[in-house]
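# Tertiary structure, described
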Amino acid sequence: MREIVFNIFGIYLIFTFILTVYSVIRMYVISNIACDKKRGLSRMELLKKEGRFRQYPVYSMEEIAERKKRGAVRLSVFPNDSGKRTRCIIVCPGGGYAHLCTVKEGYPVAARLNELGYTAFVLEYRAGLDCSSHAPMHDLSAAVRFIQARAEQFNVDMDGYAVIGFSAGGNLAGIFGTRAWGYEKYNAKKPGCLILGYPWTNVNHWMQHPYWNIWVALMGIWLSERGNIYMFGPRGHFRKNKRESLCVQKWITPDYPPVYMFGGGNDVLVPTAAHTDVLAKALEENGVPYKYDKFFGLPHGVGIGKHTNAENWMLNALSFWNSCVDKESGVSSQGSGSPNPDP
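One structure accompanies this document, and this report is about it.

Reading the values: rules and limits
Residues numbered from 1 in each chain as written. Predicted model: local features only at pLDDT ≥ 70, side-chain atom pairs only at ≥ 80, totals over all residues. Heavy atoms only, no water. Helix = DSSP H or I, 4+ residues; strand = E, 2+ residues; numbered from the N terminus. Rg over C-alpha atoms; globule rule 2.2 N^0.38 Å. Contact = heavy atoms within 4.5 Å. Areas by Shrake-Rupley, 256 points an atom, 1.4 Å probe, with all protein chains shown as cover. Lys, Arg positive; Asp, Glu negative; His and termini not counted. Charge placed at Lys NZ, Arg CZ, Asp CG, Glu CD. Expected span 1.5 Å × (residues − 1). Core = buried A, V, L, I, M, F, W, Y, C linked by side-chain atoms within 4.5 Å. Buried < 20%, exposed > 50% of the residue type's maximum accessible area, 1.4 Å probe, protein only.

## Comments concerning the overall build of the chain
- Of the regular secondary structure elements, the chain holds twelve helices and eight strands.
- In terms of overall size, the chain behaves like a compact globule, its C-alpha atoms giving a radius of gyration of 20 Å where 343 residues would be expected to give roughly 20 Å.
- Principal axes of the C-alpha set define a box for the chain whose edges measure 75 × 45 × 40 Å.
- The contacts of the chain with a sequence gap of at least 6 include a subset with a gap of at least 24, amounting to 78%.
- With an accessible surface of roughly 15,300 Å², the chain has 58% of that area assigned to carbon and sulfur atoms.
- For the chain, the separation between the mean place of its 39 positive charges and that of its 29 negative charges on side chains is 4 Å.

Spelled out as structure tokens, the structure:
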């Protein structure tokens, strides 16, 4: 009997390992196509040729002198072609707080937003060895203040502005939307909407949701602990209050900004059952307006979603964002850009 049990367990380990390896390879193949890196880099080159591309340090020289790692924080401006004033939208790429996927989840997203008539800003916040306790939240707040002080120069409207975040960038955007650890703590303007792509929101409680695949669970443990260590240091990541501060659903209140989010049914890095589903429940319980699109078979890291069943997620997100801001302000789609449905 014991031998039968061991054989079954061995078959389970081998089968789930092969399935996990296949899912990871599939994720990388699909994400490289779906993110459309060429679109972002081509748009950047075009703007450079036209003399319209700008990249700014978010912090002043004095602030960088106080903490040299602040010098890594940059804001890339992608102006639209119409010259019309649009609502501001800030893009935060992912990377697990270990690095930044700017070329995949930053520049192509901004390029697509330009196509839809919006001026977009890509934030490169502190990550990896440059990161420290809540440094990315501090960077996003500084970026909001930076843009707000130059709204006329950038030709954007900060009322009801949106933040787009992917994966760990979704965690950053989600935490930024809270009073306890976000905009209010850093004296920044409250966002009008959060747009979250496969967000890594339930950083330290995802094991409460059972996993039939042990390898996916082990990847989750590794990603979670790696993120905590980069954020809080080798010692600080053991402190419960610090770890809890990254779990978005723990800090949702009724006045939380409206949320659009999407996730994939085949996300082995940030499974929807343990992250977006949990966040949706917290939003529902607090009466926060939200829209949640879950796409069958979609993996992690798809960015704009080119050639996937999530290809139109951005149109859905922008429609939700503008409707929420219009409802709040009592106006009809003023300054919302000119959407073009073609991908």
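Next comes the rest of the description.
## So, the side chain of Asn-228
- Following the sequence through the fold, Asn-228 ends up in helix H9 (residues 214–236).
- Setting aside its immediate chain neighbours within four residues, Asn-228 contacts Val-203, Asn-204, Gly-233, His-237, Arg-243 and Leu-246.

## Here's the deal with helix H1 (residues 2–34)
- Over its 33 residues, H1 runs 47 Å from end to end, which matches the ideal 48 Å to within 8%, given 1.5 Å per residue.
- Buried-residue contacts for H1 involve helix H4 (102–105) and H9.
- Looking one or two residues beyond H1, the residue adopting positive phi is Asp-36, at roughly 55 degrees.

## Some details on the nonpolar core
- Ile-90, Phe-121, Leu-123, Leu-140 and Ile-147 are the most contacted members of the largest nonpolar core, which totals 56 residues.
- Among the elements that line this core, the one with the most residues is helix H6 (residues 135–149), at seven residues.
- Those residues in contact with Leu-140, other than ones at most four positions away along the chain, are Ile-90, Cys-92, Leu-123, Val-163, Leu-172 and Phe-176.
- Ranked by size, the runner-up nonpolar core spans 36 residues in total, among them Phe-78, Val-91, Tyr-198 and Met-314.

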